[in-house]
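Chain and residue survey
The chain contents come next:
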Amino acid sequence: AWTRSHRWTHHADMVKQFGHCIQEKMAETHKLKDIELYMDVWLSLNRRFTQRMYDPSVDILTAHWSAFEEVSWVLPLQTELTEWRSSLVDMEEKIFNQSEDVDVVFVTDFPGFHLVNYVAENYENTTLQVMKGSVEIQMDPDEVMELHEGQSIQIPSGTYHRVSPLKHSPACYMYVYFINRTDLMPIHNGSDSFLQATCPAAVGLDPHTESLTNKSYCRGFCWERLRQDFKKKFDMWTRSMMLIGQAAYSILTRKPMLVEKIDIPDDI
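Predicted model only: the values in this text are computed from it and were never measured.

Along the backbone of the chain there are 3 helices and 12 strands. In the chain, buried positions account for 32% of the 268 residues. Residue pairs in contact within the chain that sit at least 24 positions apart in sequence constitute 62% of those at least 6 positions apart. Of the accessible surface of the chain, which amounts to about 17,400 Å², a share of 54% is contributed by carbon and sulfur atoms.

The next subject is the pairing of strand E9 (residues 159-165). Pairing analysis gives 5 bridges linking strand E4 (residues 115-119) to E9, with the strands arranged antiparallel. Considered in E9, the bridge of Val-116 is made with Arg-162. As defined by bridge partners, strand E6 (residues 134-140) adjoins E9 across 4 bridges and the pair is classed as antiparallel. Considered in E9, the bridge of Glu-136 is made with Ser-164.

What tends to happen in soluble globular proteins is that the nonpolar side chains get buried as a cluster. Formed by 19 residues in total, the largest nonpolar core has its most connected members in Leu-128, Val-135, Ile-137, Leu-147, Val-163, Tyr-173 and Tyr-175. Where this core is concerned, the elements lending two or more residues are E4, strand E5 (123-132), E6, strand E8 (152-155) and strand E10 (171-179). Those residues in contact with Tyr-175 that sit more than four places away from it in its chain are Asp-103, Val-104, Val-105, Val-107, Leu-115, Asn-117, Thr-126, Thr-127, Leu-128, His-161 and Val-163. With 16 residues, the next largest nonpolar core counts Met-39, Leu-43, Leu-61 and Ala-63 among its residues.

All right, on to a nonpolar patch on the surface then. A contiguous nonpolar surface patch, about 570 Å² in accessible area, is contributed by Phe-230, Phe-234, Trp-237, Met-241 and Ile-244. Among the secondary structure elements, Met-241 is positioned in helix H3 (residues 223-253).

Moving on to the pattern of salt bridges. Counting across every chain of the model gives 4 salt bridges. A salt bridge links Asp-40 to Arg-52, with the nearest nitrogen and oxygen atoms 2.7 Å apart. Placement of the pair is Asp-40 in the loop between helix H1 (12-30) and strand E1 (42-44) and Arg-52 in strand E2 (residues 50-52), with a sequence separation of 12 residues. On the basis of relative accessibility, which here comes to 40%, the residue Asp-40 falls in the partly exposed class. Of the charged contacts, one joins Glu-92 and Arg-47 as a salt bridge, the two residues approaching to 2.8 Å between their closest N and O atoms. In this pair, Glu-92 sits in helix H2 (residues 85-98) while Arg-47 sits in the loop between E1 and E2, placing the two residues 45 residues apart along the sequence. Look at the salt bridges and you will find they share partners, linking Asp-40, Arg-52 and Asp-109 into a network.

Moving on, we come to the packing of aromatic side chains. For the structure on display, the rule yields 11 aromatic pairs. Aromatic side chains Trp-8 and Phe-18 sit 4.5 Å apart centroid to centroid with 40° between the ring planes, which places their arrangement in the tilted category. Of the two residues, Trp-8 sits in the segment before H1 while Phe-18 sits in helix H1, which places them 10 residues apart along the sequence. As far as the burial class goes, Trp-8 and Phe-18 line up, both buried. Between the aromatic rings of Phe-110 and Phe-113, the centroid separation amounts to 6.5 Å while the plane-to-plane angle is 75°, which identifies the pairing as edge-to-face. No difference in accessibility class separates Phe-110 from Phe-113, as the two residues are buried. Connected via pairs of aromatic rings, a cluster forms that spans Tyr-123, Tyr-173, Tyr-175 and Tyr-177.

Another aspect to go through is the confidence of the model for the chain. Counting all residues, the mean pLDDT for the chain is 80, and 78% of those residues have values of 70 or more. Note on residues 184-217: pLDDT is under 50 here. Beyond four places in sequence and across chains, it has 48 contacts.

Attention shifts here to the pairing of E6. In terms of strand pairing, E6 meets strand E7 (residues 143-148) through 6 bridges, oriented antiparallel. Bridging from a neighbouring strand, Asp-140 pairs with Glu-143 of E7. Once E6 ends, the chain turns through 2 residues before running back antiparallel as E7.

With that out of the way, let us pick up the environment of Ser-152. You can see Ser-152 is positioned in strand E8. Since its relative accessible area comes to 42%, Ser-152 is described here as partly exposed. Taking C-alpha positions, Ser-152 is 9.6 Å from Tyr-175, a pair spaced 23 residues apart along the chain.

Attention now goes to the sheet that holds E7. Strands sit in the order E4-E9-E6-E7 across an open sheet of 4 strands; the sheet is antiparallel. The open sheet has two edge strands, E4 and E7, and neither has a second partner. Neighbour-to-neighbour, the strand axes of the sheet open up by a mean angle of 25°, direction not taken into account.

Each value, and the rule that gives it
- Residues numbered from 1 in each chain as written.
- Predicted model: local features only at pLDDT ≥ 70, side-chain atom pairs only at ≥ 80, totals over all residues.
- Heavy atoms only, no water.
- Helix = DSSP H or I, 4+ residues; strand = E, 2+ residues; numbered from the N terminus.
- Buried < 20%, exposed > 50% of the residue type's maximum accessible area, 1.4 Å probe, protein only.
- Contact = heavy atoms within 4.5 Å.
- Areas by Shrake-Rupley, 256 points an atom, 1.4 Å probe, with all protein chains shown as cover.
- Pairing = 2+ DSSP bridges.
- Core = buried A, V, L, I, M, F, W, Y, C linked by side-chain atoms within 4.5 Å.
- Patch = residues over 30% accessible without salt bridge, like charges linked within 9 Å, V, L, I, M, F, W, Y side chains within 5 Å.
- Salt bridge = Lys/Arg side-chain N within 4 Å of Asp/Glu carboxyl O.
- Phe/Tyr/Trp six-rings, centres within 6.5 Å; stacked < 30°, edge-to-face > 60°.
- pLDDT = per-residue confidence, 0-100.
- Axes fitted to C-alpha atoms, helices over the stretch in contact; angles between N-to-C directions.

Here you go:
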């Protein structure tokens, strides 16, 4: 909402600022008052399990934040699971080698929270498997079951379900999706025919923001993505060197530093 950048999701101070931006926009556009705002942000940091970043039960607008104090509503990084990273990479590679129409997501969550997840209709044969700990699965009000380490269950497509960690330690589990691509929207290549794109970088798409339900994507090593990432980093380094040089010149000559306005893309 009102920003294309995802950088705010990584920093509590930016979450706070973005929350107040939403408050102002909602008050201005919809004349709303007494607004409360709760955010449930999930991220995978350096190929770890995907985990919550912030306490979803805290109103961001009234939550306390200080640069000199620990922010209580920021959830801790589960560093005890860091050793899983190499195993997750190996498991992901083995699953992807089975089929081009499969996807996998590794999730960890804290006790006391729950994840309400929806399985899209084109995700067929979806399986949830517990990798560590125990969870409670609720398909509907009358169907609740417990799963323990090594156990799995098939989740029907087109339905919601709730996953809640049990006991006193985080639970880890993974989703394996088989995607029915026959209903996916093809990408037009500017001619009379359609091109099924295999690399989002090659057609100008962002794989972090484009939905898998309407775009195809590539896995593994991608030269086009590498080229774009290298160019982005090189441009950032060039701007940094230019600013450092101008700052040094300003200090030596005692003349004001003149800096041209630079448009920095949101995705940097």
